[in-house]
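Listed below, chain by chain, are the residues.
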Amino acid sequence: MRICKDDCTALVIDMQEKIFPAMSKKEELLRHCEILINGLQELSISTTFTQQYTKGLGETVPEIRSLVSNFSYIDKTDFSCLDEPAYAEWLRQQNRKNIIICGIEAHVCVLQTAIDLKEKGYNPIVIVDCISARTEENKALSLERLKQEKIILSSYESILFELTRSSKTPEFRTISKLIK
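Criteria and thresholds
- Residues numbered from 1 in each chain as written.
- Predicted model: local features only at pLDDT ≥ 70, side-chain atom pairs only at ≥ 80, totals over all residues.
- Heavy atoms only, no water.
- Helix = DSSP H or I, 4+ residues; strand = E, 2+ residues; numbered from the N terminus.
- Buried < 20%, exposed > 50% of the residue type's maximum accessible area, 1.4 Å probe, protein only.
- Contact = heavy atoms within 4.5 Å.
- Arc of directions from axis to C-beta.

1. Some details on the side chain of Ser154
Note that Ser154 resides in strand β6 (residues 152-154). Using a relative accessible area of 12% as the deciding quantity, one classes Ser154 as buried. Those residues in contact with Ser154, other than ones at most four positions away along the chain, are Ile125, Val126, Ile127, Val128, Asp129 and Ile159.

2. Thoughts on helix α4 (residues 85-94)
For α4, the complete set of buried residues consists of Tyr87, Trp90, Leu91 and Gln94. The arc that holds every buried residue of α4, seen down its axis, measures 95°, which confines them to one face. The exposed residues of α4 that point more than 90 degrees off its buried face are Pro85, Arg92 and Gln93. Looking at the buried side of α4, the elements it contacts are β1 (8-13), β2 (47-52), β3 (74-76), β4 (98-104) and α5 (106-119). Positive backbone phi, at 55°, marks Asn95, one or two positions downstream of α4.

Bear in mind that shape data such as this cannot, by itself, settle questions of function.
Laid out in structure tokens, this is it:
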């Protein structure tokens, strides 16, 4: 299945101040997520952000918040974003089939959200180099489960070029610079 930008939206899950520091390879995760989010904006892909129990885990890290003008988020307490009525309604209004997912933690909120999206008829696309967990073992286990569930896995570079489709598009030069 070819992933086209006209049928995509994106979801950035729980990149929050109090849990982010505990993530494995957090500097790499942050750099990759910044590239992905900037690329999605260049391609005009609607993107939403969630925060898990903001009172306890804090706000989205400033490096991510600063990438988006008029940043807003959906607060949640359930692990699956789809269990949060505000996200389910936002997604319904987008009227898109493909959901690009990045964030934390891979084996909890990312995994449960992707599984629920698949069960509801969406095509979740988990960006492997834009997810993390406190341990590499938990990330590896989540990737194995995602494969078992037949959920699409990609990288930020691969998905951005797939969405761009051609070096002739106006966005190509910006996307190419982001990735270099």
